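Listed here are the chains, written in short residue letters.
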Amino acid sequence: MKSVSIDPANGAAGALFIAIGAVFAFQAFGLELGTTFRMGPGYFPLVLSLILIFLGCIVLVQATQVQGEPIGAFAWRGMLLILPAPIIFGLTVRGLGFVPALFLAALIAAFASTRMRPLMAVVLAIAVSLFSALVFIKGLGLPFRLFGPWLGY
């Protein structure tokens, strides 16, 4: 009899997909589902959670078939620098304005890579800020202030 081995990375991912899908499916049953033609507020979340459970089952079955790479070291640096970047942007965009807040967020997120050097991070943050200002403010006409009241503009 052949023993079943489960790839740890894909097994954990499949189990996580199934668990998250089950939690959202359980929550969706608390809302009115409706019918296919007259959908209630719980219908779409239920369908999405069932799709997530299905994909989790596929990943879990694949974990028994293919041996993948082992789970590596946890990327603390990336998590500690990338996750706060949008939070800092959200907290500073009204006071600093769009361009400085985006520059600050991009600069912080750039240092998530161990290969990023300070000069290259500044160049990257400037490029992202200018490109985003051109696209969102000039191109799409969104009503963001380029520079905010904290800077005296």
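Located above this text is the structure these notes cover.
The rules behind these values
- Residues numbered from 1 in each chain as written.
- Predicted model: local features only at pLDDT ≥ 70, side-chain atom pairs only at ≥ 80, totals over all residues.
- Heavy atoms only, no water.
- Helix = DSSP H or I, 4+ residues; strand = E, 2+ residues; numbered from the N terminus.
- Rg over C-alpha atoms; globule rule 2.2 N^0.38 Å.
- Buried < 20%, exposed > 50% of the residue type's maximum accessible area, 1.4 Å probe, protein only.
- Contact = heavy atoms within 4.5 Å.
- Expected span 1.5 Å × (residues − 1).
- Patch = residues over 30% accessible without salt bridge, like charges linked within 9 Å, V, L, I, M, F, W, Y side chains within 5 Å.
- Areas by Shrake-Rupley, 256 points an atom, 1.4 Å probe, with all protein chains shown as cover.
- Salt bridge = Lys/Arg side-chain N within 4 Å of Asp/Glu carboxyl O.
- Polar contact = N/O pair within 3.5 Å; in protein donor to acceptor, adjacent residues only side chain to side chain.

Participant: What is the right way to read the overall build of the protein chain from this model?
Facilitator: The helix and strand tally for the protein chain stands at six helices and zero strands. Of the regular secondary structure in the protein chain, the N- to C-terminal order runs α-α-α-α-α-α. Expected size for 153 residues packed as a compact globule is a radius of gyration near 15 Å; at 22 Å, the protein chain overshoots this value by more than 25%. Overall size of the protein chain, expressed as C-alpha extent along the three principal axes, is 70 × 45 × 25 Å. Residues classed as buried in the protein chain amount to 24% of the 153 residues present. When contacts within the protein chain are restricted to residue pairs at least 6 apart in sequence, those whose partners lie at least 24 apart make up 63%.

Participant: Honestly, helix α2 (residues 43-65) in this entry has me stumped. Any pointers?
Facilitator: Because the α-helix completes a turn every 3.6 residues, residues three or four places apart line up on one side. Spanning 23 residues, α2 covers 34 Å between terminal C-alpha atoms, matching the ideal 33 Å at 1.5 Å per step. Leu46, Ser49, Gly56, Val59 and Ala63 are the residues of α2 that are buried. Lining the buried residues of α2 we find α1 (8-28).

Participant: Can you help me understand the environment of Ala109 in this one?
Facilitator: Secondary-structure assignment places Ala109 in helix α5 (residues 98-110). Look at Ala109 and you get partly exposed, because its relative accessible area is 28%. Residues Ala109 and Val99, 10 residues apart in the sequence, show an inter-C-alpha distance of 15 Å. The contacts of Ala109, once residues within four sequence positions are left out, are Leu81, Ile82 and Ala85.

Participant: What exactly am I supposed to notice about a nonpolar patch on the surface here?
Facilitator: A cluster of nonpolar side chains, namely Leu16, Phe17, Ile20, Val23, Phe24, Phe44, Val47, Leu48, Ile51, Phe54, Leu55 and Ile58, defines an oily patch on the protein surface of about 1100 Å² accessible area. Among the elements of the structure, α1 and α2 are those that each provide at least two residues to the nonpolar patch. Position of Phe44 among the secondary structure elements: in helix α2.

Participant: Just checking my understanding: could you explain the side chain of Ser129 for this structure?
Facilitator: Relative to the helices and strands, Ser129 is located in helix α6 (residues 118-139). Apart from the residues within four sequence positions on either side, Ser129 is in contact with Val99, Leu102 and Phe103.

Participant: Sorry, what's going on with the side chain of Thr92 here?
Facilitator: With respect to the secondary-structure elements, Thr92 resides in helix α4 (residues 84-96). Judged by its relative accessible area of 13%, Thr92 is buried. For Thr92, the side chain forms a polar contact with the main-chain oxygen of Ile88, separated by 2.7 Å. Discounting chain neighbours no more than four positions away, the residues touching Thr92 are Gly97, Ala101 and Trp150.

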